[in-house]
Amino acid sequence: MATEYDFPILTLKQLKTLEVGISIDDFGTGYSSLNYLKNSPISYIKIDKSFVSELMKSENDAIIVVAIITLAHNLHLDVIAESVETEEQLDFLKSHDCDITQEFLFSKPLPAAEIENVYL
């Protein structure tokens, strides 16, 4: 019996065959579900900035971040941490093998043309 998720999953699988990287954004918030992890052809999990921003202040947030990284790696997925703002957050994420960080620490988000002017 078909479900409401069959078409989107089929579409994602077709995109994956084209080597398009697919991520679950804001993982751990809203409607994200562990069911998506087992049924979707994703490549990345993005840790929501609400966990990253409180990482050094809240033991619970730190535990959740480590759990997300461990879960993702055990499922052979890469992890992106959103909105890294401090060296301490960056060091914590690196020490727990987070694969990619999106860092306000070094720069705010920029249009492509501005990146070329600033960083090249």
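Check the entry above for the structure.
Residues numbered from 1 in each chain as written. Predicted model: local features only at pLDDT ≥ 70, side-chain atom pairs only at ≥ 80, totals over all residues. Heavy atoms only, no water.

Novice: Residue-level account of the environment of D61, with values.
Specialist: Structurally, D61 is set in helix α4 (residues 59–74). Taking C-alpha positions, D61 is 5.4 Å from F51, a pair spaced 10 residues apart along the chain. Apart from residues lying up to four places away in sequence, D61 is in contact with S50, F51, E54 and L55. (Helix = DSSP H or I, 4+ residues; strand = E, 2+ residues; numbered from the N terminus. Contact = heavy atoms within 4.5 Å.)

Novice: Requested: an account of the pairing of strand β3 (residues 78–84), with residues and values cited.
Specialist: Summarising burial for β3: 6 of the 7 residues are buried, a large majority. Alignment of strand β2 (residues 44–47) against β3, held across 4 bridges, turns out to be parallel. Each residue of the ladder has a partner; that of I47, found in β3, is A81. Pairing of β3 with strand β4 (residues 100–103) involves 3 bridges; the strand directions are parallel. Looking across to β4, one finds that I80 is bridged to I100. The parallel pair β3 and β4 is bridged by helix α5 (residues 87–95), and the resulting crossover is right-handed. (Buried < 20%, exposed > 50% of the residue type's maximum accessible area, 1.4 Å probe, protein only. Pairing = 2+ DSSP bridges. Right-handed = clockwise from strand over helix to strand, strands pointing away.)

Novice: I'd like a rundown of α4, residues and numbers included.
Specialist: Here α4 is 16 residues long and its end C-alpha atoms lie 22 Å apart, about the 22 Å a rise of 1.5 Å per residue gives. Every buried residue belonging to α4 is among D61, A62, V65, I68, I69 and A72, and all of these are buried. All buried residues of α4 fall inside an arc of 125° around its axis, so they share one side. Pointing more than 90 degrees away from the buried face of α4 are the exposed residues E59, N60 and N74. (Expected span 1.5 Å × (residues − 1). Arc of directions from axis to C-beta.)

Novice: Please set out the side chain of S43 residue by residue, giving values where relevant.
Specialist: Within the secondary structure layout, S43 lies in the loop between α2 (34–39) and β2. On the accessibility criterion, S43 (17% relative accessible area) is buried. Every residue in contact with S43, bar those within four places of it in the chain, is listed here: K16, V20, G21, I22, L77 and D78.

Novice: Tell me about helix α1 (residues 6–17), residues and numbers included.
Specialist: Along its 12 residues, α1 runs 17 Å from first to last C-alpha, staying within 8% of the 16 Å computed at 1.5 Å per residue. Just downstream of α1 lies E19, where phi reads positive at about 65°.

Novice: Residues and numbers for a nonpolar patch on the surface, please.
Specialist: On the surface, a nonpolar cluster with roughly 250 Å² of combined accessible area is contributed by L15, L18 and V20. As for its placement among the helices and strands, V20 is situated in the loop between α1 and β1 (23–27). By relative accessible area, V20 is classed as partly exposed at 35%. (Patch = residues over 30% accessible without salt bridge, like charges linked within 9 Å, V, L, I, M, F, W, Y side chains within 5 Å. Areas by Shrake-Rupley, 256 points an atom, 1.4 Å probe, with all protein chains shown as cover. Salt bridge = Lys/Arg side-chain N within 4 Å of Asp/Glu carboxyl O.)

Novice: Quick rundown of the pattern of salt bridges? Include the residues and the values.
Specialist: Counted according to the given criterion, the structure contains 1 salt bridge. The residue K46 makes a salt bridge to E82 at a minimum N-O spacing of 3.6 Å. Within this pair, whereas K46 is found in strand β2, its partner E82 is found in strand β3, the two being separated by 36 residues in sequence.

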